[in-house]
Amino acid sequence: MQEAEIEKVLGNVAYCAYRYTAESPPILAIDNTDQGQDSLAVTKIHGRLVELSADQKPDYENLKQGLMLTAEGLTMRISSDEEGQPESAEPGELIPAELHFSLQQGLNAGYLGWYRCEPE
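Below you will find a few notes about this structure. (Residues numbered from 1 in each chain as written. Predicted model: local features only at pLDDT ≥ 70, side-chain atom pairs only at ≥ 80, totals over all residues. Heavy atoms only, no water.)

1. Regarding the overall build of the protein
Okay, so step 1: Each helix and strand counted, the protein has two helices and eight strands in total.
Okay, so step 2: Start at the N end of the protein and walk to the C end: the helices and strands fall as α-β-β-β-β-α-β-β-β-β.
Okay, so step 3: Its C-alpha atoms give the protein a radius of gyration of 13 Å, within 12% of the compact-globule value 14 Å for 120 residues.
Okay, so step 4: Overall, the C-alpha framework of the protein stretches about 35 × 30 × 30 Å when taken along its three principal axes.
Okay, so step 5: Burial analysis of the protein (120 residues in total) assigns 40% to the buried set.
Okay, so step 6: Of all intrachain contacts in the protein linking residues separated by at least 6 positions in sequence, the fraction that spans at least 24 positions is 44%.
Okay, so step 7: Total accessible area on the protein is roughly 6,700 Å²; 45% of this is exposed by carbon and sulfur atoms.
Okay, so step 8: When the 8 positive and 21 negative side-chain charges of the protein are each reduced to one mean point, those points stand 7 Å apart. (Helix = DSSP H or I, 4+ residues; strand = E, 2+ residues; numbered from the N terminus. Rg over C-alpha atoms; globule rule 2.2 N^0.38 Å. Buried < 20%, exposed > 50% of the residue type's maximum accessible area, 1.4 Å probe, protein only. Contact = heavy atoms within 4.5 Å. Areas by Shrake-Rupley, 256 points an atom, 1.4 Å probe, with all protein chains shown as cover. Lys, Arg positive; Asp, Glu negative; His and termini not counted. Charge placed at Lys NZ, Arg CZ, Asp CG, Glu CD.)

2. Considerations on unusual backbone geometry
Okay, so step 1: Of note, the phi angle at His-46 is positive, near 50°, even though the residue is not glycine.
Okay, so step 2: Here His-46 lies in the loop between strand 3 (39–45) and strand 4 (48–54).

3. Describing the state of the cysteines
Okay, so step 1: This structure, assessed with the given rule, holds one disulfide.
Okay, so step 2: A disulfide bridge connects Cys-16 with Cys-117, and the sulfur atoms are separated by 2.0 Å. Around the S-S axis, the bridge from Cys-16 to Cys-117 shows a dihedral of about 105° and counts as right-handed. With a gap of 101 residues between them, Cys-16 in strand 1 (residues 15–19) and Cys-117 in strand 8 (residues 108–117) connect regions that are remote in the sequence.
Okay, so step 3: Residue class for Cys-117 comes out buried when judged on its relative accessible area of 4%. (Disulfide = S-S within 2.5 Å.)

4. A word on the sheet that holds strand 8
Okay, so step 1: Pairing in this closed barrel of eight strands is antiparallel, and the strands run 1-2-3-4-5-6-7-8 around the ring. Averaged over all adjacent pairs, the angle separating strand axes in this sheet is 30°, with direction ignored.
Okay, so step 2: Strands strand 1, strand 2 (28–31), strand 3 and strand 4 of the sheet are contacted by helix 1 (residues 3–10), whose axis makes an angle of about 140° with strand 3. (Pairing = 2+ DSSP bridges. Axes fitted to C-alpha atoms, helices over the stretch in contact; angles between N-to-C directions.)

5. Details of the pattern of salt bridges
Okay, so step 1: Per the counting criterion, the structure on display carries three salt bridges.
Okay, so step 2: Of the charged contacts, one joins Lys-64 and Glu-61 as a salt bridge, the two residues approaching to 3.7 Å between their closest N and O atoms. Of this pair, Lys-64 and Glu-61 are both found in helix 2 (residues 60–65), three residues apart, which corresponds to roughly one turn of the helix.
Okay, so step 3: Glu-61 gets classed as partly exposed once you look at its relative accessible area, which sits at 47%.
Okay, so step 4: Here Glu-118 and Arg-116 are joined by a salt bridge, their closest N and O atoms 3.5 Å apart.
Okay, so step 5: In this structure Glu-118 comes out as partly exposed when scored by relative accessible area, which is 31%. (Salt bridge = Lys/Arg side-chain N within 4 Å of Asp/Glu carboxyl O.)

6. Topic: the packing of aromatic side chains
Okay, so step 1: On inspection of all chains with the given rule, the structure shows three aromatic pairs.
Okay, so step 2: When the centroid spacing of 6.4 Å and the interplanar angle of 75° are considered together, the rings of Tyr-60 and Tyr-115 count as edge-to-face. Of this pair, Tyr-60 sits in helix 2 while Tyr-115 sits in strand 8; the two residues are 55 residues apart in sequence, bridging distant segments of the chain. Each member of the pair Tyr-60 and Tyr-115 is classed as buried.
Okay, so step 3: Members of the aromatic cluster, each reached through a chain of ring pairs, are Tyr-18, Tyr-20 and Tyr-111. (Phe/Tyr/Trp six-rings, centres within 6.5 Å; stacked < 30°, edge-to-face > 60°.)

This is how it looks when you write it as structure tokens:
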């Protein structure tokens, strides 16, 4: 996704993002501001932006337990790659992560990639 697409859904906020490679643009972005409620997220499927709801704040600590993101008919789960997970990560640091993508229509896929949270 392009930065403008992310801002269209999340606004101009700090966010955490999952990407396939360290250099590729994000395929999933999650609002990382403290809203006191579920976090808003966005991904792009078949050229369309899809809003998701995250079950908790998408920081590095919660990534260790796994983050669940949902929209109607779609579930995404991101967790840190246990072998590559550092004891602690600083904002802006790239860490290895796994993304599991499931569509109610029957598609299930998993990807290895990178996760980064921008400083608030």
